[in-house]
2 protein chains.
Amino acid sequence: MTDEFETPDGYRILHVEDLAPQIAAIADLRKRLGGAPEAWTAAEISDGNMNAVYRLTGPSGSLIVKQALPYIRVIGEGWPFPVSRIHFEAAAMARQAELAPAHVPALLHRDDGLGLLVMEDLRGHAVVRQALVAGTHFPRLAAHMGEFLARTLFFTSDFHLATPQTSAIEAAFSGNAHLCRTSEDVIFTGPYGEAPYNRVTRGNEAVAAALRGDRDLKRAACEMKLVYRTRSQALLHGDLHTGSVMATATETRVIDAEWAFFGPMGFDIGALVGNLLLSAISQPGHDGARCDRAALSDRLLQTASDVWTHFAECFAALAARAGGELLAPAIYDETSRRAIVADHLRSVFEDMLGFAGAKMIRRIIGISHVEDFELIGDVAVRAERERHALRVARRLLLERRDIAAMDAVRDLVRAEAAGDAGPGR
Amino acid sequence: MTDEFETPDGYRILHVEDLAPQIAAIADLRKRLGGAPEAWTAAEISDGNMNAVYRLTGPSGSLIVKQALPYIRVIGEGWPFPVSRIHFEAAAMARQAELAPAHVPALLHRDDGLGLLVMEDLRGHAVVRQALVAGTHFPRLAAHMGEFLARTLFFTSDFHLATPQTSAIEAAFSGNAHLCRTSEDVIFTGPYGEAPYNRVTRGNEAVAAALRGDRDLKRAACEMKLVYRTRSQALLHGDLHTGSVMATATETRVIDAEWAFFGPMGFDIGALVGNLLLSAISQPGHDGARCDRAALSDRLLQTASDVWTHFAECFAALAARAGGELLAPAIYDETSRRAIVADHLRSVFEDMLGFAGAKMIRRIIGISHVEDFELIGDVAVRAERERHALRVARRLLLERRDIAAMDAVRDLVRAEAAGDAGPGR
Ligand SMILES: Nc1ncnc2c1ncn2[C@@H]1O[C@H](COP(=O)(O)OP(=O)(O)OP(=O)(O)O)[C@@H](O)[C@H]1O
Ligand SMILES: Nc1ncnc2c1ncn2[C@@H]1O[C@H](COP(=O)(O)OP(=O)(O)OP(=O)(O)O)[C@@H](O)[C@H]1O
């Protein structure tokens, strides 16, 4: 955390009043907003932890401006963080736009010197995490995300590309390693020790302490850390939780790829699945006056399951048509190709479960908590919901090699609903 | 094979008579050879496939000059190959020299523009592969190579380094991807199809055809290809067979790191172990007049086994003292750390067996054969020895997850000695 990072020459932190003149200088963007820059309105909309995000609105339209600060926004200068992350976010977005154009906002402009990117304003889209807390249903979410995952992961992997190409992508993102190191710390290490920003809900102190003394769990988390560090399979989004997805009833878009790196496919899928499970498990803790929380919970378990199923089907379909060197048709017949792809998907499934478990735990006893639980007003209920999630997460990590399919995950979530031994445990 | 690679500006192929003037221009080297350059003798000693290698001798000493040609030496201009490989060889040698200085020749000079490196002349050292055919015993080989492997792999891995450091090494070697792709082709793909340079010993045509129709085997080889491509664990030598090791009774040095890349630890170990098994299995085919070939064979099985044991012990000892982020002592106690390292070594062991099997097969039915068998004059005997090796290799690939330890490998080699069904099979 005491590392120093170079900010680019000419970098300066923009203030809300700097935005209109800055953007007006770019002809395309000026035209898009229309009218005179003096008449534009700018508003900070940052709700994440990391960066400054603004909406700039003119008479003809609006756009979103995101600037990376040389530190973590919610913490401040005490936690320096490389501005170069915006370069990697833009590079990842550009590739996602090629591979899954329907599922990312359009990238309109980038300025690595200012640590800036400008993108399409997803008006009418809601951030999925908060919308799920409010009881919103996204009927297309699983299908769209399954497709997004399959396409971005397949087309940047050895199943589609030759080694010089995957090596070049990997090298192009290797400079984002400081963010990878931070991910490792906050996901796989921090929650299991005395990391400075860890936080635990009142009533769960003993449960958290028990997890920190749980050798089997820590060993599994360390194994997943090693998988995160060493399994170079595809270009990942790198932080694909429900807060990085914006959606409507018919559309689904992925934002915030600043953690992109070349890594294990299961990490992106596990992030999404784990966070959907958190949402499902948290539902009964929220106000049931306006919606049937038990039904929402069931539907979210189904969504988590469908994400995997859609991913796996779409990936297998792409692989069946692959002409790449890995599955050279002159050598492997149809049956062999299918078997090799199935072996691969089985191993991604295991990684996915392990990462889902690790991601769930880190959101409950680590540095960064989520609205799914934070918005449960009754602390005792919140703590109890969190304990349910922790029991599930632990089993995902420890039993990842034995869990046969997503149905078993659903059964496991339901079985653990009954397992609460209270805060004292 | 039709790719074109840029040769560096000013690159030219040196001829044997160019060497003295070229080297005399470098003061240190001139001094090392002594006397007048006109009195130096230069001789080509290339016995490998890839590059031009020379010995330059003066009154005070000698040195070895290696130049990468813009093609594969034994094939010629029809197979272009990047001169940049010498850059990666020198970079890998430099790192090996830091980590295991006793086990590499000193790097005296490098000139990436000419695709040149100059190194210590290992006078008195023999290339291990040919020396084993001649019946030479290297009593220190296993201990030295176990240590070389443990130190070069551990200190370039996540067990010792933080993510930004491993990422930087990986990126620094990503430009060697064309060599990785060639390795994949000749090891994991070519032998199983109709690759143009494949060769099979007379009498083994049917056996080779059977392997090419063997779905289980091809699936396992493809799995290993995927492991080769995606498991980024450490900086590897990349071609660590017995022809890349030069030794005396007391010293052991590794040469020829041009295939270096950041990959699976098991690949380097498997290359060495697989080639030691080839040597062991080939022994009974060689002239037994001057040495007891059965005893040599047993001793080589022991050596293969000892390489693994020394590697694993040395790696575990280094890991026990590691202060890196992966095994953070504040989080994992002694027992947990040991368990995590043991899990890792188990997975490296499986990879090692799979790679050993793949490497054995490719030397028998692929493009590049080895003296262990080629020097067996009686073709029927050679074919029979090769069949033994193929049976062993197939089982290593298919049973890698079930083989408990190196003892079982030895048992398997012995059991398969009796399994010959003749050339017709
Ligand atoms: N293209 C967009 N259209 C509309 N709103 C957006 C868009 N991009 C971001 N936002 C809003 O800005 C918020 C912050 O964006 P983003 O998640 O990219 O920032 P961040 O600071 O990197 O967050 P995090 O802490 O999650 O990394 C989003 O949660 C969303 O509300
Ligand atoms: N440092 C050295 N001292 C003495 N002899 C050496 C040295 N380096 C190489 N040689 C000799 O030169 C031969 C070829 O060297 P090397 O294996 O590095 O070349 P190569 O063309 O890259 O081979 P390969 O086809 O195995 O890749 C060695 O087998 C060995 O006989």
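These numbers come from a predicted model, not from an experiment.

Parameters at a glance
Residues numbered from 1 in each chain as written. Chains lettered and ligands numbered in written order. Predicted model: local features only at pLDDT ≥ 70, side-chain atom pairs only at ≥ 80, totals over all residues. Heavy atoms only, no water. Near = heavy atom within 4 Å. Polar contact = N/O pair within 3.5 Å; in protein donor to acceptor, adjacent residues only side chain to side chain. Areas by Shrake-Rupley, 256 points an atom, 1.4 Å probe, with all protein chains shown as cover. Nonpolar A, V, L, I, M, F, W, Y, C, P; charged D, E, K, R; others polar. Domains from an automatic or database assignment. Least-squares fit on C-alpha atoms with pLDDT ≥ 70 in both. Contact = heavy atoms within 4.5 Å. Salt bridge = Lys/Arg side-chain N within 4 Å of Asp/Glu carboxyl O. Helix = DSSP H or I, 4+ residues; strand = E, 2+ residues; numbered from the N terminus. Buried < 20%, exposed > 50% of the residue type's maximum accessible area, 1.4 Å probe, protein only. Buried area = accessible area lost by both parts, 1.4 Å probe. Pairing = 2+ DSSP bridges. Core = buried A, V, L, I, M, F, W, Y, C linked by side-chain atoms within 4.5 Å.

1. Observations regarding the site of ligand 1
All names here are of chain A. Around ligand 1, the surrounding shell holds 19 residues, and the nearest of these are Asp47, Asn49, Asn51, Lys66 and Asp256. The backbone of Glu120 places a nitrogen or oxygen atom 2.9 Å from a nitrogen atom of ligand 1. Here Leu122 contributes a backbone N or O atom positioned 2.9 Å from a nitrogen atom of ligand 1. Taken by itself ligand 1 offers 620 Å² of open surface, and the protein chains cover 93% of this. Grouping the amino acids of the shell around ligand 1 by side-chain chemistry returns nine nonpolar, three polar and seven charged. Taken domain by domain, the shell around ligand 1 gets at least three of its residues from each of domain 1 (16–120) and domain 2 (126–416).

2. What to know about the relation of the copies chain A and chain B
At an RMSD of 0.0 Å, chain A and chain B line up after a rotation of 180° and a shift of 0.0 Å along the axis. Expressed as a symmetry operation, the mapping of one chain copy onto the other fits a two-fold axis. A share of 100% of the interface residues of chain A reappears at the interface of chain B, consistent with the copies meeting face to face through the same patch.

3. A word on the pattern of salt bridges
Taken as a whole and judged by the stated rule, the model has 60 salt bridges over all chains. Arg215 of chain A is the partner of Asp333 of chain B in a salt bridge, and the nearest nitrogen-oxygen pair spans 2.7 Å. A residue pair is termed interchain when its members come from two chains, as with Asp333 of chain B in the loop between α11 (293–320) and α12 (334–365) and Arg215 of chain A in helix α9 (residues 215–230). Judged by relative accessible area, Asp333 of chain B falls into the partly exposed class, the value being 31%. Residue classification places Arg215 of chain A among the partly exposed positions, given a relative accessible area of 41%. Residues participating in the shared-partner salt-bridge network are Arg387, Arg391, Arg395, Glu399, Glu416 and Asp420 of chain A.

4. Overview of the interface of chain A and chain B
At the junction of the two partners, chain A supplies 44 residues and chain B supplies 44 residues. When chain A packs against chain B, the two sides together hide about 3,900 Å² of surface, and 53% of this comes from carbon and sulfur. For the interface between chain A and chain B, the tally reads eight salt bridges. The closest approach of N and O atoms between Asp343 of chain B and Arg219 of chain A, which form a salt bridge, is 2.8 Å. Linking chain A to chain B there are 23 residue pairs in polar contact (both at pLDDT 80 or more).

5. Description of the pairing of strand β2 (residues 52–57) of chain A
Residues and elements named next belong to chain A. Here four bridges tie strand β1 (residues 41–44) to β2, and the two strands are oriented antiparallel to one another. In the strand pairing of β2, Glu44 is matched with Tyr54. Direction of pairing for β2 relative to strand β3 (residues 62–67): antiparallel, over a ladder of six bridges. Of the residues in β3, the one forming a bridge with Leu56 is Leu63.

6. What about the nonpolar core?
Formed by 189 residues in total, the largest nonpolar core has its most connected members in Phe311 and Leu396 of chain A together with Phe311 and Leu396 of chain B. Grouped together as the second largest cluster of nonpolar side chains are 28 residues, Trp40, Tyr54, Met93 and Leu117 of chain B included.

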